[in-house]
2 protein chains.
Amino acid sequence: MITLAVDCMGGDHGPAVTLAACAAFLTRNPQARLLLVGQPQALARLPAALDASRCTVVPATEVVAMDDPVEVALRRKRDSSMRVAIAQVKSGAAQVAVSAGNTGALMAIARYLLKTLDGIDRPAIASQMPNAKGTATTVLDLGANVDCSAEHLLQFALMGTSLVAASGKVAPTVGLLNIGEEVIKGNEVIKQAGVLLRRAAEHGDLNFYGNVEGNDLFKGTVDIVVCDGFVGNVVLKASEGLASMIGGFVREEFSRTWYSQLAAAVAWPVLSSFKNRVDHRRYNGAALLGLRGLVFKSHGSADAFAFEQALQRAFEAADKQLLQRVQERIAAAAPLALSVPE
Amino acid sequence: MITLAVDCMGGDHGPAVTLAACAAFLTRNPQARLLLVGQPQALARLPAALDASRCTVVPATEVVAMDDPVEVALRRKRDSSMRVAIAQVKSGAAQVAVSAGNTGALMAIARYLLKTLDGIDRPAIASQMPNAKGTATTVLDLGANVDCSAEHLLQFALMGTSLVAASGKVAPTVGLLNIGEEVIKGNEVIKQAGVLLRRAAEHGDLNFYGNVEGNDLFKGTVDIVVCDGFVGNVVLKASEGLASMIGGFVREEFSRTWYSQLAAAVAWPVLSSFKNRVDHRRYNGAALLGLRGLVFKSHGSADAFAFEQALQRAFEAADKQLLQRVQERIAAAAPLALSVPE
């Protein structure tokens, strides 16, 4: 049995979305239990579809707003649903916490309550992007760290490897995001990270492919792409923006004239199959890696389907003992990470 | 009359593409003349469609290959078509040079021959991306500079403003690419650049909007987005990769079964109108800004239609006296750019 602590108040829609997702999730996963964390009045009436025998409501009096500064979330709202959910992981009552709340607050509270693993300086946010091969590319960091050293990038590569390996992929390949494939490209941090990653690969800690470029994210050249949180965040958001623009163009073109509306009706099965393939909701659920406990982050605007994917990812990570895997890989590689090349 | 020096040998396809583009370009622009730079044997037989009265062949014995290291292009191939084309700008024989060759080599040769403008430390590469508003977002730097200081980002903003203003847009808005809209977001360089940009806006040198995020590139929130060359290059290539993946998915879905092929036939006019809208060839032609002469870069894989767009952009920049505009704006703002906030 795996127990998930769910911040039911987080995200743009709160319990309306999170509880519906919880109900669907429990139906699909007989081995899961849920701690539903939130304001008692908001959780007083649970959906009928929710298997009550596998749910426990854990009260929290406050809610972290999507625009609360980190300081407010961390210092003032000490009984927030986000914090109480993470506290369940710390106490051992749950194996993983899931929230659709404010990313900055979630990372700060998780770091404060759970602390980082030995050998990890900075936790990172890892998520999946679809690729042309029909698989997914795992990218980290997506915004937790604006400035990264070469050692941080190595740590991200090790954590990303554990994450993808936990999903069953043997020796997943790691690419270092750069502006060219050649070893001499990039700034000093990137070049030094390349040296560390090659050394880690020789040591058997990970499977380093080499430098990759922006387009490789979507080609599916490697399983894992490592970058600093500034670049990762910009690329993630730019990709969301571009996909949304293209989706808007498709809708506009197919509704422009009576003929295009007719064409849309004829092409409907094809268009929905296409839409399903690029449905970003399927990729929802980012892992906060490098902490002494598992925490997953859902997109704030997630609907029930998307939030359920985040729950599913969190469940699988806990089930495959992701925390222990990360810990072991970091420990095995720690002497490497500490010795910076001159 | 505006004279363009065209590196006819550059790009993946060489004269087959560049000469066809030149013919179409001259037909559309009666006020243009061309210096066709390349190996005499390759340019011995010009297409019949090319108006010979407005073309002069300028011989060059060598060609910079797409994978030539910068050192080879710069030091060994001193009579390359790329270099001779840029030399025409230096000598005043042409007002602008256009090449589809290797970006690194083009920037290095342009910088070596033309030198940078007073007040500019680093030239930058600026190009357009389509946005949801149906206009274009100008982004710089796209890869010339992997590490940038706050002053460099201010210089990019000033040059980008001149570029977009030359196309007729009054007081174009400038956004600073960041991982959040709040002033406190980002690393030290970004925060300091924000201070410089606000100060330049108060001084009337540009129209600063504030921080923008990755998705704003495609929303069309601002006219100009400023970022370092590492981030710009990664975002540009990731966007190309994503667009190409989505295009591939559309093709796959519409050819999967007999029904989807039928739907494709019915939807053909709609699909081609959509394709035209996201056609990246229309946005071909990047400006190398900050040099004492105008140089434009075409995508290496450009076809004749795409290369013609790059010629058109180069022609318009020369026609609108972009060089002088950049020079004047930088000179007016120079005292600002030199005083770094503490």
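The structure under discussion appears in the preceding block.
Since the structure is predicted, the reported quantities are computational estimates derived from the model, not experimental observations. One numbering rule holds for all chains: residues counted from 1, following each sequence as written. Chains and ligands are labelled by the order in which they are written, letters from A for the one and numbers from 1 for the other. Selection of residues for local features in this predicted model requires a pLDDT of at least 70, selection of side-chain atom pairs for listing and counting requires 80 or more, and totals for whole chains, interfaces and linings are taken over all residues. Excluded from the side-chain calculation are hydrogens and water; included are all heavy atoms of the structure.

1. Examining the sheet that holds strand β10 (residues 286–289) of chain B
All names here are of chain B. The line we're drawing: What makes two strands pair is DSSP finding at least two bridges between them. Helix and strand definitions here come from DSSP, where helices need a minimum of 4 consecutive H or I residues and strands a minimum of 2 consecutive E residues; each element is numbered from the N-terminal end. Every axis in this analysis is a line fitted to C-alpha atoms, fitted for helices over the stretch in contact. Angles between the N-to-C directions lie between 0 and 180 degrees. In this analysis, two residues are considered to be in contact whenever any of their non-hydrogen atoms come within 4.5 Å of each other.
In space, the eleven strands of this open sheet follow the order β3-β2-β1-β4-β11-β10-β5-β6-β9-β7-β8, with mixed pairing throughout. This sheet does not close on itself; its edge strands, each paired only once, are β3 (55–59) and β8 (207–212). For this sheet the average axis-to-axis angle between neighbouring strands, irrespective of direction, equals 25°. In this structure, strand β2 (residues 32–38) lies alongside β3, joined through five bridges in parallel fashion. Paired with Val37 across the two strands is Val58, which belongs to β3. Contacting β5 (124–130), β6 (136–140), β7 (173–177), β9 (224–226) and β10, helix α5 (residues 150–166) runs over the sheet at an angle of about 160° to β9.

2. Here's the deal with the interface of chain B and chain A
Defined as follows: As used here, buried area is the combined drop in accessible area, with a 1.4 Å probe, of two parts when they are placed together. By salt bridge we mean one thing: a side-chain nitrogen of Lys or Arg within 4 Å of a carboxyl oxygen of Asp or Glu. N or O atoms closer than or at 3.5 Å make up a polar contact, with two conditions inside protein: a donor-capable atom paired with an acceptor-capable one, and, for residues adjacent in sequence, both atoms drawn from side chains. By the convention adopted, Pro, Cys, Tyr, Trp, Phe, Met, Ile, Leu, Val and Ala count as nonpolar, Lys, Arg, Asp and Glu as charged, and the other residues, Gly among them, as polar.
Listed by partner, the interface residues are 49 residues for chain B and 49 residues for chain A. Approximately 4400 Å² of surface area, both sides summed, lies buried where chain B meets chain A, with 76% of it carried by carbon and sulfur atoms. Area buried by chain B at its contact with chain A is led by Ile179, Phe230 and Arg277 of chain B, which between them contribute 15% of it. Where chain B touches chain A, the interface holds six salt bridges. The closest approach of N and O atoms between Glu252 of chain B and Arg277 of chain A, which form a salt bridge, is 2.6 Å. Inspection of the chain B/chain A interface yields 14 residue pairs in polar contact (both at pLDDT 80 or more). Listing elements by their share of the side of chain B that touches chain A, those giving two or more residues are α7 (216–219), α8 (229–253) and α9 (258–277) of chain B. At 18 residues, α8 of chain B tops the list of elements feeding residues into the side of chain B that touches chain A. When grouped by side-chain class, the residues that make up the side of chain B that touches chain A number 29 nonpolar, 13 polar and seven charged.

3. Section: the relation of the copies chain B and chain A
The line we're drawing: The copies are overlaid by a least-squares fit using only the C-alpha atoms of residues whose pLDDT is at least 70 in both copies.
Structural alignment of chain B on chain A gives an RMSD of 0.0 Å, achieved by rotating through 180° and translating 0.0 Å along the axis. The superposition operator between the copies reduces to a two-fold rotation axis. A share of 100% of the interface residues of chain B reappears at the interface of chain A, consistent with the copies meeting face to face through the same patch.

4. Quick notes on the packing of aromatic side chains
Each pair of aromatic rings is reported with the distance of its centres and the angle of its planes. Going by this rule: Between the rings of Phe, Tyr and Trp (Trp by its six-membered ring), a pair exists once the centres lie within 6.5 Å; its type follows the angle of the planes, with under 30 degrees stacked, over 60 edge-to-face, and the other angles tilted. Only protein chains enter the area calculation, which uses a 1.4 Å probe; residues under 20% of their type maximum are buried, those over 50% are exposed, and those in between are partly exposed. Geometrically, a lysine NZ or arginine CZ counts as sitting over a ring once it is within 6 Å of the ring centre and also within 35 degrees of the ring normal.
Counted according to the given criterion, the structure contains four aromatic pairs over all chains. Look at Phe25 of chain B and Phe315 of chain B: their rings are 5.8 Å apart centre to centre, the planes differ by 75°, and that puts the pair in the edge-to-face class. Here Phe25 of chain B, found in helix α1 (residues 15–28), pairs with Phe315 of chain B, found in helix α10 (residues 304–319); they are 290 residues apart in sequence, far enough to count as distant. Each member of the pair, Phe25 of chain B as well as Phe315 of chain B, is classed as buried. With a centroid separation of 6.1 Å and an interplanar angle of 80°, the aromatic rings of Trp258 of chain B and Tyr259 of chain B are classed as edge-to-face. Using a relative accessible area of 67% as the deciding quantity, one classes Trp258 of chain B as exposed. Its relative accessible area of 30% is what places Tyr259 of chain B among the partly exposed residues. Across the ring face of Tyr112 of chain A, the terminal group of Arg75 of chain A is positioned such that the distance to the ring centre comes to 5.9 Å. Above the ring of Phe249 of chain A, the side-chain terminus of Arg277 of chain B is found at 4.0 Å from the ring centroid.

5. Overview of α1 of chain B
Residue and element names in this part refer to chain B. Selection criterion: To estimate the expected span of a helix, subtract one from its residue number and multiply by 1.5 Å.
Here α1 contains 14 residues, and its C-alpha end-to-end distance of 19 Å stays within 8% of the 20 Å for a straight helix at 1.5 Å per residue. Those residues of α1 not exposed but buried are Val17, Thr18, Leu19, Ala21, Cys22, Ala23, Phe25 and Leu26. Looking at the packing, one finds that the buried side of α1 touches β1 (2–7), β2, β3 and α10.

6. Quick notes on the pattern of salt bridges
All names here are of chain A. One pass over the structure, following the stated rule, counts 24 salt bridges over all chains. Notably, a salt bridge pairs Asp223 with Lys169, separated by 3.5 Å at the nearest N-O pair. Taken together, the residues Asp223 in the loop between α7 (216–219) and β9 (224–226) and Lys169 in the loop between α5 (150–166) and β7 (173–177) connect sequence positions 54 residues apart. With relative accessibility at 16%, the residue Asp223 sits in the buried group.

7. Some thoughts on the side chain of Asn187 of chain B
Note that Asn187 of chain B resides in the loop between β7 and α6 (188–202). Among the polar contacts made by the side chain of Asn187 of chain B, one reaches the main-chain amide nitrogen of Ile190 of chain B at a distance of 3.0 Å. Not counting residues within four places of it along the chain, the set of residues in contact with Asn187 of chain B comprises Val146 and Asp147 of chain A.

8. Here's the deal with the nonpolar core
For clarity, the threshold we go by: Within this scheme, the nonpolar core is defined by two criteria: the residues are buried Ala, Val, Leu, Ile, Met, Phe, Trp, Tyr or Cys, and they are joined through side-chain atoms within 4.5 Å.
Leu4 of chain A together with Leu4 of chain B are the most contacted members of the largest nonpolar core, which has 240 residues in total. Discounting residues that sit within four places of it in the chain, Leu4 of chain A has contacts with Phe25, Ala32, Arg33, Leu34, Leu35, Ala94, Val96, Val98, Leu311, Ala314 and Phe315 of chain A.

9. Re the sheet that holds strand β10 (residues 286–289) of chain A
All names here are of chain A. What the eleven strands build is an open sheet, ordered β3-β2-β1-β4-β11-β10-β5-β6-β9-β7-β8; its pairing is mixed. Here the strands that pair on one side only, and so sit at the sheet edges, are β3 (55–59) and β8 (207–212). Between one strand axis and the next, the sheet turns through 25° on average, direction left out of account. Direction of pairing for β10 relative to strand β11 (residues 294–297): antiparallel, over a ladder of three bridges. Its bridge partner being in β11, Ala287 is matched across the sheet by Phe296. Along the sheet, helix α1 (residues 15–28) makes contact with β1 (2–7), β2 (32–38) and β3, crossing β2 at roughly 170°.

10. As for the packing of helix α3 (residues 81–91) of chain B against helix α4 (residues 103–114) of chain B
All names here are of chain B. Convention followed: Here a crossing is called left-handed whenever its near helix is offset anticlockwise from the far helix by less than a right angle, and right-handed whenever the offset is clockwise.
Following both chains from N to C, one finds α3 and α4 inclined at 35°, their axes separated by 10 Å at the closest point. Of the two elements, α3 crosses α4, and the hand of that crossing is right-handed. The residues of α4 that touch α3, namely those facing Met82, Arg83, Ile86, Ala87, Val89 and Lys90, are Ala105, Leu106, Ile109, Ala110, Tyr112, Leu113 and Leu114. Considered class by class, the residues forming the contact of α3 with α4 number eleven nonpolar, no polar and two charged.

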